[in-house]
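Now for the letters of each chain:
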Amino acid sequence: MASMSKIKGILFDYGGTLDSRAQHWSEIIWQGYCSVNAPVSKELFREAYVYAERFLGREPIVKPNWNFIELMHAKIDIQAKYLESNYGCAVDNQPFVDAVAKYCYDKARECVEESKLVLDELKENYQLGVVSNFYGNLKTVMADFGVLDYFKCVIESAVVGIRKPDSEIFRCGVNALNLTADEVLVVGDSYEKDIVPAMQIGCDVVWYEGVGWETQANDGISVKKVHNLADLRKTILVTLN
């Protein structure tokens, strides 16, 4: 485990950490469904969510120049077609897809604007990077939200060919910052995909614990933990200074 006094760089997870207040994105998309009173149970939605994620992982349909709303349009469209063709849910239509995609885009922009409060202070004294499981368009998404320039590196699974929880993706981030693992702090919302692999290579960690896909357990291992953006800001800035 790294000594916090040695920290020179910080690697953030992106999706779920900087763009959703540590809520798993399935929860936000579900909120979007609820906002338009979609005739879909949460159980069926979760099934459609998994189907769409696996489809996007299998079929390289996401373009590098897509921003977040374009990505969400693709996701919701895949989910809607699955729900209507398999269960007869009346959601395979453009107004539904547009409304849910816009809901998600607006929520992400709101959350990223809050994250900038932390990034504005940290960038003055620390090298910042992102390590994320994403679809090949993360730099476009971050540029659209105005945060790309905060980061020295963006390590994206679809680009480097390594996915969390493989710890090597975090090693890529450490190397891109030109630091050693004990000089890097990792901040993420997933215990299994962010915290464990980062600790395995010797980074220090802050677990931004929120609403996950399922209940997360840390196996009794003591880690620094926060539950909201204000605590995240205080923990990083106070602990590192």
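To be clear, the structure that these remarks concern was listed above.
Small disclaimer: the values here were computed from a predicted structure and weren't measured. (Residues numbered from 1 in each chain as written. Predicted model: local features only at pLDDT ≥ 70, side-chain atom pairs only at ≥ 80, totals over all residues. Heavy atoms only, no water.)

This paragraph deals with the pairing of strand 2 (residues 127-132). On a regular strand, each side chain points to the face opposite its neighbour's, so the side chains alternate between the two faces of the sheet. Of all six residues in strand 2, five are buried; the element is thus mostly enclosed. In this structure, strand 1 (residues 9-12) lies alongside strand 2, joined through four bridges in parallel fashion. Looking at strand 2, one finds that Ile-10 is bridged to Leu-128. Direction of pairing for strand 2 relative to strand 3 (residues 153-156): parallel, over a ladder of four bridges. Among the inter-strand pairings, Val-130 is bridged to a residue of strand 3, identified as Val-154. (Buried < 20%, exposed > 50% of the residue type's maximum accessible area, 1.4 Å probe, protein only. Helix = DSSP H or I, 4+ residues; strand = E, 2+ residues; numbered from the N terminus. Pairing = 2+ DSSP bridges.)

This next bit is on the environment of Gly-32. Looking at the secondary structure, you find Gly-32 in helix 1 (residues 25-35). Given the relative accessible area of 0%, Gly-32 is considered buried. Spatially, the C-alpha atoms of Gly-32 and Tyr-82 are 17 Å apart, while their sequence positions differ by 50 residues. Apart from residues no more than four positions distant in its own chain, Gly-32 is found in contact with Val-100 and Tyr-103. (Contact = heavy atoms within 4.5 Å.)

This part covers the sheet that holds strand 6 (residues 224-226). Taken in spatial order, the six strands of this open sheet run 3-2-1-4-5-6, and their pairing is parallel. For this open sheet the edge positions go to strand 3 and strand 6, each flanked by a neighbour on one side alone. Each strand axis lies, on average, 20° off the axis of its neighbour in the sheet, ignoring direction. For strand 5 (residues 204-208) and strand 6, the ladder comprises three bridges, and the chain directions are parallel. Bridge pairing links Val-206 to Lys-224 in strand 6. Lying over the sheet, helix 8 (residues 191-200) contacts strand 4 (184-188) and strand 5, oriented at roughly 170° with respect to strand 5. (Axes fitted to C-alpha atoms, helices over the stretch in contact; angles between N-to-C directions.)

Working definition: two side chains of opposite charge can pair if their charged atoms are close together. Taken as a whole and judged by the stated rule, the model has 18 salt bridges. Members of the salt-bridge network, linked through shared partners, are Asp-13, Lys-164 and Asp-194. (Salt bridge = Lys/Arg side-chain N within 4 Å of Asp/Glu carboxyl O.)

A word on the environment of Val-211. Assignment of secondary structure puts Val-211 in the loop between strand 5 and strand 6. Residues Val-211 and Arg-21 lie 190 residues apart in sequence; the distance between their C-alpha atoms is 9.0 Å.

Looking now at the nonpolar core. Residues Phe-12, Tyr-14, Ile-29, Tyr-33 and Phe-151 are the most contacted members of the largest nonpolar core, which totals 64 residues. No other element matches helix 4 (residues 94-122), which puts eleven residues into this core. Those residues in contact with Phe-12, other than ones at most four positions away along the chain, are Thr-17, Leu-18, Leu-119, Leu-122, Leu-128, Gly-129, Val-130, Val-131, Phe-151, Val-187 and Ile-236. (Core = buried A, V, L, I, M, F, W, Y, C linked by side-chain atoms within 4.5 Å.)

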